[in-house]
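# Residue-level structure breakdown
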Amino acid sequence: MILADFQACTGIENIDEAITLLEQNNWDLVAAINGVIPQENGILQSEYGSETIPGPAFNPASHPTPVSTSSSSSSSSAFRPVMPSRQIVERQPRMLDFRVEYRDRNVDVVLEDSCTVGEIKQILENELQIPVSKMLLKGWKTGDVEDSTVLKSLHLPKNNSLYVLTPDLPPPSSSSHAGALQEFSSRYGDCHPVFFIGSLEAAFQEAFYVKARDRKLLAIYLHHDESVLTNVFCSQMLCAESIVSYLSQNFITWAWDLTKDSNRARFLTMCNRHFGSVVAQTIRTQKTDQFPLFLIIMGKRSSNEVLNVIQGNTTVDELMMRLMAAMEIFTAQQQEDIKDEDEREARENVKREQDEAYRLSLEADRAKREAHEREMAEQFRLEQIRKEQEEEREAIRLSLEQALPPEPKEENAEPVSKLRIRTPSGEFLERRFLASSKLQIVFDFVASKGFPWDEYKLLSTFPRRDVTQLDPNKSLLEVKLFPQETLFLEAKE
């Protein structure tokens, strides 16, 4: 909601840039908007009233160089800015924090979002001494990703939890969890539930934090060697083919050995963190001869719900019935989750389609506007050229007009030639010239009236001839335009 409001207020369409700016302001919507949009005295106004809300100025935070450390422990409100314009914000590198679990270890990795998944694995290879080729990095909200995937493309939050699986590597002898599972196989045979290898948090990721259609129930088997019920429960019920098959199809099964006090204390700590003090107290008060226990967990939106606690003094049929009853509850919840997820994805698809249509519309409008601007610019350029050409022609015309010799009078001591020139519009130009004048003077006279000789030709009637083809240095007398002549102008093709 905050991200959508921030984008709506600022007009920032790039999700990565919007998230970066919000994180730099600790997801304070008002502060982030004030940081992007210049405000008078740093004030935003609410759309729903005249109340003003102060907001700090934007101050991008610097980020440290990527580092990794390891440890050995296991309905939105709309705002509108006072001013519509915004600053151009230079995108700062966005840092992502990863807490990666592997068996009994946690590794913290900090990287820029421009890095790839493979770079996380390279850091883990140095920290965990596990080859990248043997490593499966799980816990991504979008499912499995390639090593070449850029973190920015996954739209991750700042803090992330991942876990490493190494199915091709044998568990170390120092791992009490993996060692207990090996001991279980050697004691009760190969026909047993497929136990999840990894931390309880990793089991949660595998069971709950995937798409609704892929979710499963989590079954936690709590083993205790000193209970008289353990051998019977494991050999006759937990390892029964029907139970093994049903668990494999519908559950993620995780096991923990409570025989040692240190293991019991560790599990109670995990239980208190993930299920609350009531469940932890229930397990704490269980007597040794009440073990083993089988906990059925369903992941919900805000918490993990313990659907059933099955004690060791049960039968195969009763165990199967209780597993099936838990599945009925889970299936009903899963169908609701699938529906909600499908509706959410449908809304997101519609939103993406609308955003894409809007983007295309903006691009089309921009292209149309740019085309119109180019057309106007071209028209302006051509108009400028036309004006310059007209100004040049007018300057030439005036120059020719001023350079013409004076028109002789009808009664003159020298012979005079009287020319009558018909224009393309039907008008006539009349003027007297000295018979000794050169033909070029006639051409200059016609050009001074707006009919340059390179665009028009001057024709005589009887005989018909193109006067503009004659030698302009000859006199009118020599070209037989004396004592009078009627000519007409015709545009050249």
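Computed from a prediction, not measured in an experiment: that's the story for all the values here. (Residues numbered from 1 in each chain as written. Predicted model: local features only at pLDDT ≥ 70, side-chain atom pairs only at ≥ 80, totals over all residues. Heavy atoms only, no water.)

By the secondary structure assignment, F251 is in strand β10 (residues 251-257). For F251, a relative accessible area of 4% translates into the label buried. It is 5.5 Å that separates the C-alpha atoms of F251 and L218, two residues lying 33 residues apart in sequence. (Helix = DSSP H or I, 4+ residues; strand = E, 2+ residues; numbered from the N terminus. Buried < 20%, exposed > 50% of the residue type's maximum accessible area, 1.4 Å probe, protein only.)

Oppositely charged side chains can form a pair if their charged atoms are brought close together. Considering all chains together, one arrives at 23 salt bridges under this definition. Between E363 and R359 there is a salt bridge whose closest N-O contact spans 2.3 Å. With a gap of four residues between them, E363 and R359 both fall in helix α11 (residues 316-403), about one helical turn apart. The exposure class assigned to R359 is partly exposed, which follows from its relative accessible area of 32%. (Salt bridge = Lys/Arg side-chain N within 4 Å of Asp/Glu carboxyl O.)

Of all residues in the chain, 86% have pLDDT values of 70 or greater, and the mean over the chain is 82. Segment residues 39-89: pLDDT under 50, and 107 contacts once partners within four positions in sequence are set aside and those in other chains are kept. (pLDDT = per-residue confidence, 0-100. Contact = heavy atoms within 4.5 Å.)

Moving on to the packing of aromatic side chains. Considering all chains together, one arrives at 12 aromatic pairs under this definition. On the numbers, 5.5 Å between centres and 15 degrees between planes, the contact of W254 with W256 is stacked. Counting every residue linked through ring pairs, the aromatic cluster contains Y221, F233 and F294. If you follow R420 out to its NZ or CZ, it ends over the ring of F428, 3.9 Å from the centre. Between the NZ or CZ atom of R431 and the centre of the ring of F433, over which it lies, the distance is 4.9 Å. (Phe/Tyr/Trp six-rings, centres within 6.5 Å; stacked < 30°, edge-to-face > 60°. Lys NZ or Arg CZ within 6 Å of the ring centre and 35° of its normal.)

Here strand β5 (residues 95-102) lies mainly inside the structure; six of its eight residues are buried. Looking at chain direction, β5 and strand β6 (residues 105-112) are connected through eight bridges and run antiparallel. Counterpart to E101 in the pairing with β6 is N106. Joining the antiparallel neighbours β5 and β6 is a turn of two residues, in which R103 adopts a positive phi near 55 degrees. Sheet analysis places β5 next to strand β8 (residues 159-165), joined by five bridges and oriented parallel. The residue of β8 that forms the bridge with R99 is S161. (Pairing = 2+ DSSP bridges.)

Take the sheet that holds strand β14 (residues 428-434) next. Strand order in this open sheet of five strands is β14-β13-β17-β15-β16, and the pairing throughout is mixed. Pairing within the sheet leaves two strands with one partner each, and these edge strands are β14 and β16 (465-466). Direction of pairing for strand β13 (residues 416-422) relative to strand β17 (residues 484-491): parallel, over a ladder of five bridges. Paired with L419 across the bridge in β17 is E485. Contacts from helix α12 (residues 439-448) reach β13, β14, β15 (456-460) and β17 within the one sheet, and its direction differs from that of β14 by about 150 degrees. (Axes fitted to C-alpha atoms, helices over the stretch in contact; angles between N-to-C directions.)

Of all the eight residues making up helix α3 (residues 29-36), eight are buried; the element is thus mostly covered by neighbouring parts of the structure. For α3, the set of buried residues is L29, V30, A31, A32, I33, N34, G35 and V36. Backbone nitrogen of V30 and a side-chain oxygen of the N-cap are separated by 3.2 Å at the start of α3; the cap is D28. (Polar contact = N/O pair within 3.5 Å; in protein donor to acceptor, adjacent residues only side chain to side chain.)

We now examine the side chain of K138. With respect to the element layout, K138 can be found in strand β7 (residues 136-138). Contact partners of K138, with chain neighbours within four places excluded, come to D144, L162, Y163 and L165.

In this chain, F291 is followed by P292 through a cis amide linkage whose omega measures 0 degrees. By the element assignment, P292 lies in the loop between α10 (277-284) and β11 (293-299). Here F462 and P463 are connected by a cis peptide whose omega angle stands at -5 degrees. Relative to the assigned elements, P463 resides in the loop between β15 and β16. The backbone of Q129 sits at a positive phi, close to 60 degrees, despite the residue not being glycine. For Q129, the location among the structural elements is in the loop between α4 (117-128) and β7. Its relative accessible area of 65% is what places Q129 among the exposed residues. Even without glycine at this site, H155 takes up a positive phi of about 50 degrees. Along the chain, H155 falls in the loop between β7 and β8. According to the relative accessible area criterion, H155 is partly exposed, its value standing at 45%.

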